[in-house]
Amino acid sequence: MPALFLPCAGGVEALLADECQRVLGRPHGVEAARGGAIVHGDALDAMRLNLHSRLAQRVLWPLAHAGYRNEHDLYDIARRIDWREWITPQQTLRIDTTAQRSPLPSLNFATLRVKDGLCDQLRDTTGERPSVDTRRPDLPLALHLTATHATLYVDTSGEALFKRGWREAKGEAPLKETLAAAMLAAAGWQGRAEDGPLLDPCCGAGTIAIEAAQIACGIAPGLQRQFAFEKMLPFRAHQAAWRRMKDEARAHQHAPAVPVFAGDVSFRMTDFATRNAERAGVRQAIEFKTADALQRMPPAERGTLMLNPPYGERIDAKGRGSRESFDEGGTPAAFFSQLASHWKRHYAGWRAYVLSPDMKLPQALRLKESQRTPLWNGPIECRLFRFDLVAGSAREPKAATDS
């Protein structure tokens, strides 16, 4: 079986490996790796992972792995592959190249040489060459270069997997769906009755709440979109199996076992989130309310708070946070202390998870975290802090140290 590679955000590797084991229903043949997970699987496994993975960025199918010294070696690597198994001259391709410590002076030229090797091999065997389509190629390829080796993959996903197919109204700096899912996975929240309700009081475009509601309703994240493999020659023999997979996924949808609550201080953002939830098929599973996070009362006796804190305009639009005093991350300094006071007065018994690039967030909240999980939001190193909320004060005598 080929060693599929599923890249993910930094800090999510172990969570992704666990997810792959659950999706495929087997404990073996899956391992966490730097920057993702390796899955020893076949075409059906690649299809199932595309449909069900919430944490992976893509599902990559390996074609070649070899040492190289220059661009001519890359040409030879591409030319040795029998591309007739993957593409016809009437179809289109695209190659995306990434590198770590590659000695090559130009990644664009490296990409060009791989494309030349592919096209020359097809021309020699069929008499024709395929063309390049940078927007919607029939065969998207991913080339990764290290200091000594080149790996060429078929990207079976096409568009990145965080594009679930429902988002239109994005709002300001939307959280990627894969990162929202990673926050829920790191918290162990799986939408079960024992997990209790979930509340995002600063929901923005609604990504965390929508991911949570889809989990609670058993909705596969890939049901509303298409994948690149659906046009690829090796997968055409599995069209009936693909239809069955999607039918089975639809049949497993159910009413949520726990409620999901969300809202924002901005009417505009709450409206965005509501419309996104409608397109995602979970509008009835989320109770939206436009309210200030500093005033919103708990919707249940116990539950999980999860938020990617707002800043600037979204607080100033209605909330009590002042724009006159900002911390280094752009968040009003008064906001966190007021939020912690509100939680200690009204949310005793809840767990709060806050994603932030500020390593001193517990000090700002005057709360002691019980857990901090490293997660990367694109190029930004963050921590997902967990706070077990109790009534009264839980001041820290000094700043928390990072592990």
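Analysis parameters
- Residue numbers run consecutively from 1 along every chain, following the written order of its sequence.
- Reporting of local features is limited, given that this is a predicted model, to residues whose pLDDT is at least 70; pairs of side-chain atoms are given and counted only at 80 or more, and all residues count toward the totals for whole chains, interfaces and linings.
- For the side-chain quantities, the full set of heavy atoms in the structure was used; hydrogens and water were omitted.
- Residue-level confidence of the predictor, termed pLDDT, takes values from 0 up to 100.
- In what follows, a contact means two residues having at least one pair of non-hydrogen atoms within 4.5 Å.
- By the criteria applied, helices consist of DSSP H or I runs no shorter than four residues and strands consist of E runs no shorter than two, each listed in order from the N terminus.
- What a helix is expected to span follows from its residue count: subtract one and scale by 1.5 Å.
- The classification of residues rests on relative accessible area computed with a 1.4 Å probe and restricted to protein chains. Under 20% of the type maximum is buried, over 50% is exposed, and intermediate values are partly exposed.
- Throughout, the arc means the angular range of directions from the helix axis out to the C-beta atoms.
- Residue types Ala, Val, Leu, Ile, Met, Phe, Trp, Tyr and Cys, when buried and joined through side-chain atoms within 4.5 Å, form a set referred to as a nonpolar core.
- Only strands that DSSP links by at least two bridges are regarded as paired with each other.

The next thing to look at is the confidence of the model for the protein chain. Interpretation of this model should avoid reading the predicted coordinates in detail wherever pLDDT is low. For the protein chain, the mean per-residue pLDDT works out to 91, and 90% of the residues sit at or above 70. Per-residue pLDDT stays below 50 along residues 396-401; that stretch engages in 10 contacts with residues further than four places along the chain or on separate chains.

Look at helix α7 (residues 239-251): 18 Å from first C-alpha to last across 13 residues, which is about the 18 Å you get at 1.5 Å a residue. For α7, the complete set of buried residues consists of A241, W242, M245 and A249. End-on, the buried residues of α7 take up no more than an arc of 105°, which puts them together on one face. Where α7 is buried, its residues contact α2 (43-52).

Okay, the nonpolar core next. Core analysis: the largest hydrophobic core is formed by 96 residues, its most contacted members being W83 and I286. In terms of residues, this core owes the most to one element, helix α5 (residues 177-187), which gives eight residues. Among all residues touching W83, those that are not within four sequence positions of it are L63, A78, L118, Q121, L122, L139, L141 and L152. In terms of nonpolar packing, the next biggest core, distinct from the first, is built from 22 residues, F261, L305, A340 and L367 among them.

For strand β13 (residues 351-356), a buried count of five out of six residues is recorded, marking the element as mostly surrounded by other parts of the structure. Two strands pair when backbone bridges link them, and strand β12 (residues 304-307) and β13 are joined in this way by four bridges, in the parallel orientation. Each bridged residue has a counterpart across the sheet, and for L305 the counterpart in β13 is A352. Note that β13 and strand β15 (residues 380-388) share six bridges and pair antiparallel. When the bridges of β15 are listed, S356 appears paired with R383.

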